[in-house]
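Residue strings, one per chain:
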Amino acid sequence: MIFPFLRFPTMFYIEPTNDCNLSCIMCPRKTSRKAVGYMSFDLFRDVVDQLKKQKIIQLSLHLIGEPLLHPQIAEMVRHAKGKGLPYVRFATNATLLNDDVCVDLIESGLDSLTISMDTSTATYYCPGTKGEELFAGLDKNIRQLMTLRNRRGRKTPEVHMQIIHMTQTQGLIDEFVKKWQGIADRVTVQPQLSWAGHIKVPRKGRRRLVCINHLTQGVVQWDGDVSCCCLHIDSQGDSGGILGNVMHTSLEAIFLGTRRREIIEAQLRGHYEAVPSCKECPDWNDFMDLIQKDKKTSTGVAV
Ligand code: SF4
Ligand code: SF4
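These numbers come from a predicted model, not from an experiment. Residue numbering note: each chain is counted from 1, following its sequence as written. Working convention: letters from A go to chains and numbers from 1 go to ligands, in the order in which they are written. With pLDDT at 70 or above as the cut-off, local features in this predicted model cover only qualifying residues; side-chain atom pairs require 80 or more to be listed or tallied, and sums for whole chains, interfaces and linings still use all residues.

1. A short note on the overall build of the chain
Helices and strands together make up the secondary structure of the chain, namely 12 helices and nine strands. A residue is called partly exposed when the number of other C-beta atoms within 10 Å of its own lies between 12 and 20, exposed at 12 or fewer, and buried at 20 or more, with C-beta atoms placed from the backbone. Expressed as a percentage of its 303 residues, the buried residues of the chain come to 42%. Contacts in the chain between residues at least 24 apart in sequence constitute 72% of all its contacts with a sequence separation of at least 6. Counting from the N terminus, the helices are the DSSP runs of H or I reaching at least four residues and the strands are the DSSP runs of E reaching at least two. Two residues qualify as a contact pair if the distance between their C-beta atoms, derived from the backbone, is within 7 Å.

2. Quick notes on the confidence of the model for the chain
The predictor attaches a confidence to each residue, and that confidence, scored 0 to 100, is pLDDT. Scored by pLDDT, the chain comes out at a mean of 86, with 87% of its residues at no less than 70. This model gives residues 294-303 a pLDDT under 50, and the stretch forms 20 contacts once residues within four places in sequence are excluded.

3. Comments concerning the nonpolar core
Counting residues in hydrophobic clusters, the biggest one holds 71 residues, and the most contacted among them are Ile-14, Leu-59, Leu-61, Val-77, Val-219 and Val-226. Filtering out sequence-adjacent residues up to four positions away, Ile-14 remains in contact with Phe-44, Val-47, Leu-59, Leu-61 and Val-220. Each nonpolar core consists of buried Ala, Val, Leu, Ile, Met, Phe, Trp, Tyr and Cys residues. Their C-beta atoms, within 7 Å, join them into a set.

4. Brief notes about the site of ligand 2
Taken together, 13 residues sit near ligand 2, with Ala-196, Cys-211, Cys-229, Cys-278 and Cys-281 positioned nearest. The set of elements that each furnish at least two residues to the shell around ligand 2 consists of helix H8 (212-216), helix H11 (276-279) and helix H12 (284-293). When grouped by side-chain class, the residues that make up the shell around ligand 2 number nine nonpolar, three polar and one charged. Any residue whose C-beta atom, as set from the backbone, lies within 6 Å of a molecule or strand is reported as near that molecule or strand. Polar here means any residue outside two lists: the nonpolar Ala, Val, Leu, Ile, Met, Phe, Trp, Tyr, Cys and Pro, and the charged Asp, Glu, Lys and Arg; Gly therefore counts as polar.

5. Structural notes on unusual backbone geometry
Residue Thr-156 is joined to Pro-157 through a cis peptide bond whose omega torsion reads 0 degrees. Examined against the element boundaries, Pro-157 turns out to sit in the loop between helix H6 (138-151) and strand S5 (158-165). Its identity is not glycine, yet Tyr-87 carries a phi of approximately 40 degrees, on the positive side. Within the secondary structure layout, Tyr-87 lies in the loop between helix H2 (73-82) and strand S3 (88-92). With 17 C-beta atoms packed within 10 Å, Tyr-87 lands in the partly exposed category. A positive phi angle, close to 70 degrees, is found at Ala-94, a residue other than glycine. Its location among the elements puts Ala-94 in the loop between S3 and helix H3 (99-108).

6. Points about the environment of Pro-16
Summarising the element assignment, Pro-16 is placed in the loop between strand S1 (11-14) and helix H1 (41-51). C-beta crowding within 10 Å serves as the criterion here: with 25 such atoms nearby, Pro-16 is assigned to the buried category. When the C-alpha positions of Pro-16 and Gln-72 are compared, they lie 8.7 Å apart, and in sequence the two are 56 residues distant. If we ignore the near neighbours within four places in the chain, the residues touching Pro-16 are Tyr-38, Met-39, Leu-61, Pro-67, His-70, Ile-73, Met-76 and Trp-222.

7. Here's the deal with H2
Since the α-helix advances by 3.6 residues per turn, residues separated by three or four positions end up pointing in the same direction. Restricting attention to buried positions, one finds in H2 the residues Ile-73, Ala-74, Met-76, Val-77 and Ala-80. For H2, the angular spread of the buried residues around the axis is 155 degrees, confining them to a single face. Note that the arc is computed from the directions linking the helix axis to the C-beta atoms.

8. A closer look at the packing of H3 against H6
Angle between the axes and distance between the axes are the two parameters that describe a pair of packed helices. Throughout, an axis means a line fitted to C-alpha atoms (over the contacting stretch in the case of helices), and angles, computed between N-to-C directions, take values from 0 to 180 degrees. Contact pair H3 / H6: the axes reach a minimum separation of 10 Å and the direction vectors enclose 45 degrees. Judged by the angle between their axes, H3 and H6 are oblique. H6 is crossed by H3, and the crossing has right-handed handedness. Residue-level contacts link Asp-99, Cys-102, Val-103 and Ile-106 of H3 to Gln-144, Leu-145, Leu-148 and Arg-149 of H6. Per-class residue counts for the contact of H3 with H6 are five nonpolar, one polar and two charged. Between 65 and 115 degrees an angle is taken as roughly perpendicular, under 35 as roughly parallel, over 145 as roughly antiparallel, and anywhere else as oblique. Rotating anticlockwise by less than a right angle from the far helix to the near helix defines a left-handed crossing, while the corresponding clockwise rotation defines a right-handed one.

Here it is as structure tokens:
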């Protein structure tokens, strides 16, 4: 054994749904072979019960899909906060953020909301969609969330506006940052991810080490499948990085079990093919950069 320090992950993702009302060009959803579905509240409750016994520092309620499509998303947040889980957040495209949803989220105790879309980026992310109705109210929705929150004297959810740095958005970045600075709590420029090689993005030439996600991340997909990276969205059994299913095995048994240890030890030896989706993945670079730049956004991979 060359890695005796196996610990339960501290950064957790739960996927309420992998369904979405958009089809963005940089999104790997269309290449995923996974069935589209919604997590049951019973399963969510069971996962939260298991997590509250662990020392996690952040819970993200998204993976690949639009969390606001789940009819119980605010209830999920309320439940997780009620069980004492710290820093509950999710990422949204904001198209479904009407006044009622805003109030529900503010009252749920949500700590942070990442919004990876505005009217200027929407045209580039989703060209040729029947976007007018969806996107017309986008900026108003986001400003209204800030207004409703501030009027209640609340500081949460912290609103984090994000733009993805890619060829199509190159000329929009300054304008986006200028527009949202002073309105949102935080504005960031996110490097484009390849989603474990699903999308071609330029590689960096850094020496590869064990990926930080294997050490720190835990993911439960909508159907209970468990993996160790938020980019394992195409997960099909062992070859896709699936470590088990929480409906049959406890999270503790999965994350402290043999398979995860084998993957980490293989990566320490330079064998990245232990999980095929890691083999050609350049995205570990970006997770390292994010951690070095800003610890608070280290898992802020918003879809
Ligand atoms: S990037 Fe997000 S909003 Fe766009 S299609 Fe994918 S899941 Fe939906
Ligand atoms: S190498 Fe890529 S796919 Fe594998 S765990 Fe790291 S970020 Fe995820």
